[in-house]
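# Descriptive structure summary
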Amino acid sequence: MRFKVIRQYKQLLFMGREYPRGYKYFRENLHAGFKKNAGLTDVKEIEQKLKFAEYIEREIAALYYVRKYRAMKQRYYEKDN
Amino acid sequence: MPPRLNIVVPVKRVIDFAIKPRISASQNAIETNGVKFSLNPFCEIAVEEAVRLRESSKDLVESITLVSAGSAKAQDTLRAGLALGADKATLIEIPAIDDSKSLELEPLAVAKLLKAFVKKSNANLVIMGKQAIDDDSNQTGQMLAGLLNWSQATNASKVTVDEASGVVTVSREVDGGTETLSAPLPLVITTDLRLNTPRYTKLQDIMKAKKKKTEKVSPEDLGVDISSRLEILSLSEPPKRPGGGKVDSVDALIGKLRETGAI
């Protein structure tokens, strides 16, 4: 369980490098978020928080993808009217 | 025996799409010092497509090989591609002319290098980005198909492989809409933006990618002359947009519009 949490943290930290508001901002919030739940002991609760972290991971990936897709679309494809 | 795909995916290391390129102080090249580079978005889509073909059917794809021509720094780009799911990578190392910039390869030179590499690796399918976001040539794929004398399907928005016959059907995005082509292997496909949504790499995959095989070759090993045939005469930024102005009332707005001749 501990391993899963650490792995999730590392993955999110890795993804934070491209965050539009800056890596520093991202890391601060990520760290604070994990720190807040550091005291949890109930397995069910931890799993719930992990699921939330996975959700955030998917949301960030989607943010990056949409940003890139929109930039490419705007640059290379004529406005479909 | 149904054909197995031996896919080569050429990739390019380009200045990250989110960065505004600037011209360097010496006025004859793009500033690359301290600038973030990444895998060309269209090349990313190409790697993703090759991986999806493998995931779609168990024995369809035999191997996915990445190749990139550039300075030693292109190794990072190759590693990113390996993390997406390719099996091995080759860097065609081009020595820098001087410390500040490495020789810019022209599409024809790249196509010749790729032709030699593809022949050496016995590939039967090349999937590559339709253009690089730095030079926007949109030529390399087409030239490569011509040099190899293979069929080509550019601007692909959908690719399906008939496993029994080895015929590939590609939907292409063209000005008038969508065109569907089919051709037997071997084939060069260039990717359009809408072909797929590349996955975001997981940290573990990047770790695993470090163990995958990477090779280095030189243009001499491939027997290709990469000298430029084009000379860049000048490089300049686009003209700055003139500032807008604010008006206080509708009458002022109408006055301004009349001034500029719009009404």
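This section reports on the structure supplied with the text. (Residues numbered from 1 in each chain as written. Chains lettered and ligands numbered in written order. Predicted model: local features only at pLDDT ≥ 70, side-chain atom pairs only at ≥ 80, totals over all residues. Heavy atoms only, no water.)

### As for the overall build of chain A
Broken down by element type, chain A carries three helices and zero strands. Reading chain A from its N end, one meets helices and strands in the order α-α-α. Compactness check: chain A gives a C-alpha radius of gyration of 16 Å against a globular reference of 12 Å for 81 residues, more than 25% above the reference. Along the three orthogonal principal directions, the C-alpha set of chain A runs to about 55 × 25 × 15 Å. Here chain A holds 81 residues, and 25% of them are scored as buried. For chain A, the proportion of contacts with a sequence separation of at least 24, taken over those separated by at least 6, is 64%. Taking the average place of the 20 positive charges on the side chains of chain A and the average place of its 10 negative ones, the gap between the two points comes to 5 Å. (Helix = DSSP H or I, 4+ residues; strand = E, 2+ residues; numbered from the N terminus. Rg over C-alpha atoms; globule rule 2.2 N^0.38 Å. Buried < 20%, exposed > 50% of the residue type's maximum accessible area, 1.4 Å probe, protein only. Contact = heavy atoms within 4.5 Å. Lys, Arg positive; Asp, Glu negative; His and termini not counted. Charge placed at Lys NZ, Arg CZ, Asp CG, Glu CD.)

### Notes on the packing of helix α1 (residues 2–15) of chain A against helix α3 (residues 43–76) of chain A
Residues and elements named next belong to chain A. The geometry of α1 relative to α3 is characterised by a closest axis approach of 11 Å and an angle of 20° between their N-to-C directions. Here α1 lies roughly parallel to α3, going by the angle between them. In the crossing of α1 with α3, the sense of the turn from one axis to the other is left-handed. Taken together, the residues of α3 that come into contact with α1 (itself represented by Lys4, Val5, Gln8, Gln11, Leu12 and Met15) are Ile46, Leu50, Ala53, Glu54, Ile56, Glu57, Ile60, Ala61 and Tyr64. By residue class, the composition of the contact of α1 with α3 is ten nonpolar, two polar and three charged. (Axes fitted to C-alpha atoms, helices over the stretch in contact; angles between N-to-C directions. Parallel < 35°, antiparallel > 145°, perpendicular 65-115°, else oblique. Left-handed = near helix turned anticlockwise from the far one by under 90°. Nonpolar A, V, L, I, M, F, W, Y, C, P; charged D, E, K, R; others polar.)

### Some thoughts on the packing of aromatic side chains
Under the defined criterion, the tally for this structure stands at eight aromatic pairs over all chains. With a centroid separation of 5.7 Å and 40° between ring planes, the pair formed by Tyr64(A) and Tyr200(B) is classed as tilted. In this pair, Tyr64(A) sits in helix α3 while Tyr200(B) sits in the loop between β10 (187–191) and α5 (203–209), so the two residues belong to two different chains. Judged by centre distance (5.5 Å) and plane angle (70°), the rings of Tyr76(A) and Phe42(B) are edge-to-face. With one member in each of two chains, Tyr76(A) in helix α3 and Phe42(B) in helix α1 (residues 41–56) form a pair that bridges those chains. Aromatic ring contacts, followed pair by pair, group Phe14(A), Tyr64(A) and Tyr200(B) into a single cluster. Sitting above the plane of the Tyr25(A) ring, Arg21(A) keeps its charged end 4.3 Å from the centroid. (Phe/Tyr/Trp six-rings, centres within 6.5 Å; stacked < 30°, edge-to-face > 60°. Lys NZ or Arg CZ within 6 Å of the ring centre and 35° of its normal.)

### Regarding the nonpolar core
Residues and elements named next belong to chain B. Ranked by size, the top nonpolar core spans 47 residues in total, and within it Leu5, Ile7, Val9, Leu53, Leu66 and Leu125 carry the most contacts. Per-element accounting of this core gives the leading share, eight residues, to α1. Setting aside residues no more than four positions away along its own chain, Val9 makes contact with Ala46, Val47, Ala50, Ile64, Thr65, Leu66, Val67 and Ile127. Judged by nonpolar contacts, the second largest core, of 24 residues, contains Val67, Ile94, Leu105 and Val224. (Core = buried A, V, L, I, M, F, W, Y, C linked by side-chain atoms within 4.5 Å.)

### Overview of the sheet that holds strand β6 (residues 125–129) of chain B
Residues and elements named next belong to chain B. The sheet built from nine strands is open, its strands ordered β9-β8-β7-β10-β6-β1-β4-β5-β11 with mixed pairing. Whereas interior strands pair on both sides, the edge strands pair on one side only; in this sheet they are β9 (177–184) and β11 (213–217). Averaged over all neighbouring strand pairs, the angle between strand axes comes to 30°, with direction disregarded. Judged from the six bridges that link them, strand β7 (residues 151–162) and strand β8 (residues 167–174) form a sheet pairing that is antiparallel. Along β8, the bridge assignment pairs Val161 with Val168. Along the sheet, helix α3 (residues 107–121) makes contact with β1 (5–10), β4 (61–70), β5 (88–93), β6 and β11, crossing β1 at roughly 155°. (Pairing = 2+ DSSP bridges.)

### Re the side chain of Ser63(B)
All names here are of chain B. Position of Ser63 relative to the elements: it lies in strand β4. Ser63 sits in the buried class, given a relative accessible area of 11%. Side-chain polar atoms of Ser63 contact the side chain of Asn6, separated by 3.0 Å. When neighbours within four sequence positions are excluded, Ser63 is seen to be in contact with Leu5, Asn6, Ile7, Arg54, Asp87 and Lys88. (Polar contact = N/O pair within 3.5 Å; in protein donor to acceptor, adjacent residues only side chain to side chain.)

### So, the interface of chain A and chain B
The interface of chain A with chain B comprises 19 residues on the first partner and 23 residues on the second. Of the roughly 1,900 Å² buried between chain A and chain B on both sides combined, carbon and sulfur atoms contribute 60%. Applying the counting rule to chain A against chain B returns ten residue pairs in polar contact (both at pLDDT 80 or more). Among the secondary structure elements, those contributing two or more residues to the side of chain A that touches chain B are α1 and α3 of chain A. Broken down by element, the side of chain A that touches chain B gets its largest block of residues, twelve residues, from α3(A). Here the residues of the side of chain A that touches chain B are counted per class, giving ten nonpolar, one polar and eight charged. (Buried area = accessible area lost by both parts, 1.4 Å probe.)

### Some thoughts on the environment of Lys58(B)
Here Lys58(B) shows up in the loop between α1 and β4. Along the primary structure Lys58(B) and Ser157(B) are separated by 99 residues, whereas in three dimensions their C-alpha atoms are 23 Å apart.

### Quick look at a nonpolar patch on the surface
Residue and element names in this part refer to chain B. Among the surface-exposed residues, Val247, Val250, Leu253, Ile254, Leu257 and Ile263 lie close enough to one another that they form a single nonpolar patch of about 490 Å² accessible area. Summarising the element assignment, Val247 is placed in the loop between α6 (219–222) and α7 (250–260). Given the relative accessible area of 35%, Val247 is considered partly exposed. (Patch = residues over 30% accessible without salt bridge, like charges linked within 9 Å, V, L, I, M, F, W, Y side chains within 5 Å. Areas by Shrake-Rupley, 256 points an atom, 1.4 Å probe, with all protein chains shown as cover. Salt bridge = Lys/Arg side-chain N within 4 Å of Asp/Glu carboxyl O.)

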